[in-house]
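In case you want the letters, here they are:
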Amino acid sequence: VQVVITSIVNDDLREYYQITLHDISKRKKELESLAYQADFDKLTKLHNRQGLEKQIEALIEQDRPFCLALIDLNWFKRINDIYGHESGDEILVFVADRIKKSLRTQDFGGRWGGDEFVLLLDGADEATTKSIVARLVQRISKPYFLRKFNQNATIGASVGAAFYPQDGRVLQDIINLADQAMYDIKNTKNTDPEKALKFSHELDARE
């Protein structure tokens, strides 16, 4: 409810207050819907890139340690090429569901764009990150049944991770490091879910 209070002085200089109530429920719901659409992916119902960046910036402002894990799906293009984009969307929804079930209550998951996803792990150390990512990749790697084609489709995932503040204090630097680690592990064409993750500091060690 919106309340408007107006002071009114009549001819004999007596003051009154007029109170007007407006039902703004519909307008509030419309604004909430627009805010949701701005920060969430329509297909997967996860945070979109903008929504994730807001969450990351909030953690940085609070100087709270976190791990950013960038996920790229393996063999996803093959699904789209063989079975079509509708089946590709099914796979993306399937992956989003596995992300939701793998995260802790304090974590965030989102779709970065295309077939890339992000895990934002609040306060996670290397061991915790490994545990969460291994569980998620194993779940993603299980065959998904495409009812329309009566076929199983199998995908995998390559994951690169970077930590705040150890690896950087600027959002774009952390994203770039996670991205480099992710593409490095993807280029190995590894199919073992247990070896799907690379940390950015492992790139430095290798070099």
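Relevant structure appears above.
An account of the accompanying structure is given in this report. As the structure is a computational prediction, the values presented were derived from the model and not from experiment.

### As for the overall build of the protein chain
Thought 1: When you go through the protein chain residue by residue, the secondary structure sums to seven helices and nine strands.
Thought 2: Relative to the 2.2 N^0.38 estimate, which gives 17 Å for 207 residues, the radius of gyration of the protein chain is 24 Å and therefore markedly larger than a compact globule would have.
Thought 3: Taking all 207 residues of the protein chain together, 40% fall into the buried category.
Thought 4: Of the contacts formed within the protein chain by residues at least 6 apart in sequence, a portion of 60% connects residues at least 24 apart.
Thought 5: Just so you have it, the protein chain exposes about 12,200 Å², and 50% of that area is on carbon and sulfur atoms.
Thought 6: Between the averaged position of the 29 positive side-chain charges in the protein chain and that of its 33 negative side-chain charges there is a distance of 7 Å.

### Looking at the nonpolar core
Thought 1: Core analysis: the biggest nonpolar cluster contains 35 residues, and Leu 73, Ile 91, Val 95, Ile 99, Phe 117 and Leu 119 have the highest contact counts within it.
Thought 2: Of all the elements in the fold, those that place two or more residues in this core are β3 (66-74), α3 (76-83), α4 (85-102), β5 (116-122), α5 (126-141), β6 (144-146), β8 (156-164) and β9 (197-199).
Thought 3: Take this core: its biggest share by element is six residues, from α4.
Thought 4: If we skip the residues at most four places from it in the chain, Ile 91 touches Phe 76, Ile 79, Tyr 144, Ala 153 and Ile 155.
Thought 5: Of all hydrophobic cores here, the second largest spans 17 residues; its members include Ile 56, Leu 59, Ile 175 and Ala 178.

### Comments concerning the packing of α3 against α4
Thought 1: One way to put it is that α3 packs onto α4 with a least axis distance of 7 Å and a crossing angle of 145 degrees. Across the interface between the two elements, Phe 76, Ile 79, Asn 80 and Tyr 83 of α3 pack against His 85, Ser 87, Gly 88, Ile 91 and Leu 92 of α4.
Thought 2: A class-by-class count of the residues in the contact of α3 with α4 yields five nonpolar, four polar and no charged.

### Considering the packing of aromatic side chains
Thought 1: Taken as a whole and assessed by the stated rule, the structure comprises four aromatic pairs.
Thought 2: Centre to centre, the rings of Phe 66 and Tyr 164 are 5.2 Å apart; their planes meet at 10 degrees, and the pair counts as stacked. Of this pair, Phe 66 sits in strand β3 while Tyr 164 sits in strand β8; the two residues are 98 residues apart in sequence, bridging distant segments of the chain.
Thought 3: Owing to a relative accessible area of 0%, Phe 66 belongs among the buried residues under this scheme.
Thought 4: You can call Tyr 164 buried: its relative accessible area is 3%.
Thought 5: Residues Phe 163 and Phe 199 carry aromatic rings whose centres are separated by 5.6 Å and whose planes lie at 25 degrees to one another, so their mutual orientation is stacked.

### A closer look at the pairing of β5
Thought 1: Within β5, seven of the seven residues are buried, which leaves the element mostly enclosed by the surrounding structure.
Thought 2: Of the two faces of β5, both are covered, the one formed by Glu 116, Val 118, Leu 120 and Asp 122 as well as the one formed by Phe 117, Leu 119 and Leu 121.
Thought 3: The pairing of β3 with β5 spans seven bridges and is antiparallel. The residue of β5 that forms the bridge with Asp 72 is Glu 116.
Thought 4: When strand β4 (residues 108-113) meets β5, the two strands line up antiparallel, connected through five bridges. When the bridges of β5 are listed, Arg 111 appears paired with Phe 117.
Thought 5: Remark: two residues form the turn of the hairpin made by β4 and β5, two consecutive strands paired antiparallel; Gly 114 in that turn has positive phi of roughly 60 degrees.

### Looking at the side chain of Ser 200
Thought 1: The residue Ser 200 is located in helix α7 (residues 200-206) in this model.
Thought 2: Not counting the four nearest positions on each side in its chain, Ser 200 is found in contact with Ala 161, Ala 162, Asp 167, Leu 177 and Ala 181.

### As for the side chain of Asp 39
Thought 1: Position of Asp 39 among the secondary structure elements: in helix α1 (residues 25-39).
Thought 2: Under the relative-accessibility criterion, Asp 39 is labelled buried at 15%.
Thought 3: Separated by 3.1 Å, the side chains of Asp 39 and Gln 50 make a polar contact.
Thought 4: With residues near it in sequence (within four places) discarded, Asp 39 still touches Leu 46, His 47, Asn 48, Gln 50, Gly 51 and Lys 54.

### A few points about the packing of α4 against α5
Thought 1: Interaxial distance between α4 and α5 falls to 9 Å at its minimum, and their mutual angle equals 150 degrees. In the crossing of α4 with α5, the sense of the turn from one axis to the other is right-handed. Contact residues: Phe 94, Val 95, Arg 98, Ile 99, Lys 101 and Ser 102 in α4; Ile 132, Arg 135, Leu 136, Arg 139 and Ile 140 in α5.
Thought 2: Residues of the contact of α4 with α5, tallied by class, amount to six nonpolar, one polar and four charged.

Reading the values: rules and limits
Residues numbered from 1 in each chain as written. Predicted model: local features only at pLDDT ≥ 70, side-chain atom pairs only at ≥ 80, totals over all residues. Heavy atoms only, no water. Helix = DSSP H or I, 4+ residues; strand = E, 2+ residues; numbered from the N terminus. Rg over C-alpha atoms; globule rule 2.2 N^0.38 Å. Buried < 20%, exposed > 50% of the residue type's maximum accessible area, 1.4 Å probe, protein only. Contact = heavy atoms within 4.5 Å. Areas by Shrake-Rupley, 256 points an atom, 1.4 Å probe, with all protein chains shown as cover. Lys, Arg positive; Asp, Glu negative; His and termini not counted. Charge placed at Lys NZ, Arg CZ, Asp CG, Glu CD. Core = buried A, V, L, I, M, F, W, Y, C linked by side-chain atoms within 4.5 Å. Axes fitted to C-alpha atoms, helices over the stretch in contact; angles between N-to-C directions. Nonpolar A, V, L, I, M, F, W, Y, C, P; charged D, E, K, R; others polar. Phe/Tyr/Trp six-rings, centres within 6.5 Å; stacked < 30°, edge-to-face > 60°. Pairing = 2+ DSSP bridges. Polar contact = N/O pair within 3.5 Å; in protein donor to acceptor, adjacent residues only side chain to side chain. Left-handed = near helix turned anticlockwise from the far one by under 90°.

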